Amino acid sequence: MEFEESCIGEECGIFGCVAAGEWPTKIEVEQILTLGLVALQHRGQECAGMVISNGGSPPTYLAHKGMGLVNNAFPPEALLKLRSGNLGICHTRYSTTGVSELQNCQPFVVDTLHVKIAVAHNGELINSQALRKKIMRHGVGLSTSSDSELIAQLLALTPPMEELDSPDWVARIKNLMSETPTSYSLLVMYKDVIYAVRDPYGNRPLSIGRLIPISELPDSETKKVEDSEGWVVSSESCSFQSVGAKYFREVLPGEIETDSMVGNRLTVVPHPEGGLPAFCIFEYVYFARPDSIFEGQMVYSVRQRCGRQLAIEAPADVDVVSTVPESATPAALSYAQQSGLPYVEVLCKNRYVGRTFIQPSTRLRQLGVATKFGALTDNFAGKRVVLIDDSIVRGNTISPIIKLLKEAGATEVHIRVASPPIRFPCYMGINIPTKEELIANKLQLKEIADYVGADSVMYLSVEGLISAVREGLTSSNRVGHCTACLTGKYPVKLEW
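Presented here is a report on the structure given in the accompanying data block. Just so we're clear, the structure is a prediction, and the values are computed from it rather than from any experiment.

## Quick word on the sheet that holds strand S22 (residues 456-459)
Okay, so step 1: Read across the sheet, four strands follow the order S17-S20-S21-S22 without closing on themselves; strand pairing throughout is parallel. Here the strands that pair on one side only, and so sit at the sheet edges, are strand S17 (320-323) and S22. Each adjacent strand pair in this sheet contributes to an overall mean axis angle of 25°, direction not counted.
Okay, so step 2: Across four bridges, S17 lies against strand S20 (residues 384-389) in parallel orientation. Pairing of Thr 323 across the sheet is with Ile 388, part of S20.
Okay, so step 3: Here helix H9 (residues 299-313) sits on the sheet and contacts S20, strand S21 (412-417) and S22; the angle it forms with S22, its principal contact strand, is near 125°.

Okay, here's the thing in structure tokens:
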């Protein structure tokens, strides 16, 4: 919850769909894209965009973009104008670079020597300034402040070995990967193909699903891949169920997946230095929806293991366990089970109050928290409470909650955090504040407790988090996670 209240951006969400079989398709691609993006709404609420293609040669692209939530950005009359598509990509944005304006809304569509391409991007390029200068030296002007436009323009540049009349888009994507190693998951649409791309470090997630005929959904596990009605690609697998798709697999680090009406094929770009991937570990802690699958395991299960490990590392002498709704709830339930303590709800969430991280001042953020929760007094009055949260960033928003609980009758309120202290900024797609704003950099544990008004504050260790994440891994693929915001050890050299 503290991430939400502290202007921590959940990166962005990307989603794509390719209909299988004969075109024009009977599948309403624009509806699938909209539903898929709604399921990714937690990853960005600033604006949303969609580009649809008929897959012709040359293709006809139809685009629509709007500010706000997906349902506001795509009103019914806008979707009616996008009904002629056989494939498309879409994007919901929370800016990490670039200002919050419609011109920065993705997907970006750019002209090339051949035909237009459309690009949707989740992440943040570590060398965007150098790339911006390179693009401009080629005489290309940039119309936005988003580094995602850089990706589109880099792809539009012709690699030296390419023939002018035969564009090799896999080669162009490989060239992009050599120019910038991380951080990005991409969807690139060209004519009748969508390329799903994950950087060689695998820093941002990307999953593939297959659309199943509605009549076959109950027993879809027995159906062949050839029976699919199409393919979908998403930042998170949580979006598949809502569009009638089944999880197929993840796009692995360095993979370029080519999806078309006839199926898909794969190209792999190896890790630049032959080392380990660096998947963002905070996808597990906070950013992802709990029903998403990463690295073969459900996010909910990882959060449960974090709570169990937290109970081992940071027990509390209390009467009841509770949580700040909702991302820390799995951890709180496991903490209670491991501790042998009852779990109760102490806060009632008003779901019709807007997300308070969009409010800029500390005072408004604190008032936002006060209007967002009510105290369930009968559950904890006269008792000692340990409150499980997913993170403490600045510490400004947990404080009024603690005050609320104590004023409502809690004799003690202890805070246990199901992730390690955040001490360093992220430069790869998460809008984490500067080091000076991070409370764990300024205060010791006792001082943090005094600052927020808690009786005690303790965190999960870095080793405990890594153990909880990797305990459930069954894949034989190489495993590695980015913990830079916790340890200051960035997976790549940062360029400015």
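After that view of the structure, there is still more to cover.
## Quick look at empty space enclosed by the protein
Okay, so step 1: Enumeration over the complete set of coordinates arrives at three cavities of 30 Å³ or more.
Okay, so step 2: Of the pockets and cavities examined, the largest cavity occupies roughly 80 Å³.
Okay, so step 3: In this structure, the largest cavity is lined by Asn 203, Arg 204, Cys 280, Phe 282, Phe 287, Cys 426, Ile 430, Ile 432, Cys 482, Ala 484 and Cys 485.
Okay, so step 4: Among the elements of the structure, helix H8 (282-287) and helix H16 (484-487) are those that each provide at least two residues to the lining of the largest cavity.

## A short note on the packing of helix H6 (residues 147-156) against helix H7 (residues 169-179)
Okay, so step 1: Taken N-terminus to C-terminus, the directions of H6 and H7 make an angle of 130°; their axes are 9 Å apart at the nearest point. Taken together, the axes of H6 and H7 lie oblique to each other. Along this stretch, H6 crosses H7, giving a crossing that reads as right-handed. On H7, the residues touching Ile 151, Leu 154, Leu 155 and Ala 156 of H6 are Trp 169, Arg 172, Ile 173 and Leu 176.
Okay, so step 2: The residue makeup of the contact of H6 with H7, split by class, is seven nonpolar, no polar and one charged.

## Some remarks on the pattern of salt bridges
Okay, so step 1: Enumeration over the complete set of coordinates arrives at 18 salt bridges.
Okay, so step 2: The salt bridge partner of Glu 283 is Arg 43, with a shortest N-O separation of 2.9 Å. Of this pair, Glu 283 sits in helix H8 while Arg 43 sits in the loop between helix H2 (29-38) and strand S2 (47-53), and the two are 240 residues apart along the sequence.
Okay, so step 3: The exposure class of Glu 283 is buried, given its relative accessible area of 0%.
Okay, so step 4: Using a relative accessible area of 0% as the deciding quantity, one classes Arg 43 as buried.

## Thoughts on the environment of Ser 260
Okay, so step 1: Inspection of the secondary structure assignment puts Ser 260 in strand S12 (residues 255-260).
Okay, so step 2: Residue Ser 260 is classed as buried on the basis of its relative accessible area of 8%.
Okay, so step 3: With 67 residues separating them along the chain, Ser 260 and Val 193 place their C-alpha atoms 4.8 Å apart.
Okay, so step 4: Beyond its immediate chain neighbours, meaning those up to four positions away, Ser 260 contacts Val 18, Asp 192, Val 193 and Trp 231.

## Some remarks on the nonpolar core
Grouped burial of nonpolar side chains is what soluble globular proteins tend to show.
Okay, so step 1: In this structure, Phe 282, Tyr 284, Tyr 335, Ile 388, Ile 422, Leu 465 and Leu 486 are the most contacted members of the largest nonpolar core, which totals 47 residues.
Okay, so step 2: Elements supplying a minimum of two residues to this core: strand S14 (279-280), H8, H9, helix H10 (329-339), S20, helix H15 (462-470) and H16.
Okay, so step 3: Core analysis: the next-biggest nonpolar cluster, separate from the first, contains 42 residues, Leu 33, Met 50, Phe 74 and Trp 231 among them.

What counts and what doesn't
- Residues numbered from 1 in each chain as written.
- Predicted model: local features only at pLDDT ≥ 70, side-chain atom pairs only at ≥ 80, totals over all residues.
- Heavy atoms only, no water.
- Pairing = 2+ DSSP bridges.
- Helix = DSSP H or I, 4+ residues; strand = E, 2+ residues; numbered from the N terminus.
- Axes fitted to C-alpha atoms, helices over the stretch in contact; angles between N-to-C directions.
- Contact = heavy atoms within 4.5 Å.
- 1 Å grid on protein atoms, 1.4 Å probe; cavity = no way out; pocket = protein on both sides within 12 Å on 5 of 7 lines; lining within 4 Å.
- Points joined across faces, edges and corners; volume = space filled by probe spheres on them.
- Parallel < 35°, antiparallel > 145°, perpendicular 65-115°, else oblique.
- Left-handed = near helix turned anticlockwise from the far one by under 90°.
- Nonpolar A, V, L, I, M, F, W, Y, C, P; charged D, E, K, R; others polar.
- Salt bridge = Lys/Arg side-chain N within 4 Å of Asp/Glu carboxyl O.
- Buried < 20%, exposed > 50% of the residue type's maximum accessible area, 1.4 Å probe, protein only.
- Core = buried A, V, L, I, M, F, W, Y, C linked by side-chain atoms within 4.5 Å.

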